[in-house]
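# Observations on the model geometry
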Amino acid sequence: MALVTAETRPLVLNTNQPGNVHWNTLYEISDIVPVSGIYRCEGCGHEITSNHPDRFPPQNKHQHPNNSKVLWRLVVMTQTKG
Ligand SMILES: [Zn+2]
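This section reports on the structure supplied with the text.

Our next topic: the coordination of the zinc ion. Protein coordination at the zinc ion: the donors are C41 (SG), C44 (SG), H62 (NE2) and H64 (NE2), at 2.0 to 2.3 Å from the metal. Taken in sequence order, the residues that donate to the zinc ion follow the motif C-x2-C-x17-H-x1-H. Placement of C41 in strand 2 (residues 37-41) and of H62 in the loop between strand 3 (47-50) and strand 4 (71-77) is noted, with a sequence separation of 21 residues between them. For H62, a relative accessible area of 10% corresponds to the buried category.

Under the defined criterion, the tally for this structure stands at 4 aromatic pairs. Pairing Y39 with F56 gives two aromatic rings, centres 4.9 Å apart and planes at 80°, and the pair type is edge-to-face. Of the two residues, Y39 is situated in strand 2 and F56 in the loop between strand 3 and strand 4; the sequence distance between them amounts to 17 residues. Per residue, the accessibility class of Y39 equals that of F56, and both read buried. Seen in terms of ring centroids, F56 and W72 are 6.4 Å apart; in terms of plane orientation they differ by 10°. Their pairing is stacked. Of the two residues, F56 is situated in the loop between strand 3 and strand 4 and W72 in strand 4; the sequence distance between them amounts to 16 residues. Across the pair, exposure class does not vary: F56 and W72 are buried alike. Put simply, the rings of Y27, Y39, F56 and W72 touch in pairs and so form one group of aromatic residues.

Here we come to the environment of L13. When you line up the elements, L13 lands in the segment before strand 1 (26-28). A relative accessible area of 44% means that L13 is categorised as partly exposed. Sequence spacing of L13 and P53 is 40 residues, and the spatial spacing of their C-alpha atoms is 22 Å. If we ignore the near neighbours within four places in the chain, the residues touching L13 are N20 and W23.

About the cut-offs
Residues numbered from 1 in each chain as written. Predicted model: local features only at pLDDT ≥ 70, side-chain atom pairs only at ≥ 80, totals over all residues. Heavy atoms only, no water. Donors = N, O, S within 2.8 Å, 3.2 Å for Na, K, Ca; no water. Helix = DSSP H or I, 4+ residues; strand = E, 2+ residues; numbered from the N terminus. Buried < 20%, exposed > 50% of the residue type's maximum accessible area, 1.4 Å probe, protein only. Phe/Tyr/Trp six-rings, centres within 6.5 Å; stacked < 30°, edge-to-face > 60°. Contact = heavy atoms within 4.5 Å.

In structure tokens form, the structure reads like this:
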């Protein structure tokens, strides 16, 4: 789980507002990263950082021993510029 401190805690958003669909979407291997941030695998809890508009890691970079599907969920959105 992504960790923060009291001094660095992020803003907490209402994920049900229009424009926040990326918070409620699960992304598959090689999908285009919709927003830069930290993503958690729904299957095993592994976390990655990914930048928009890169793609999520391919199958050979993250696999589960039982071959269950890899689905990424946004847990922290970063406001990366550059
Ligand atoms: Zn996983």
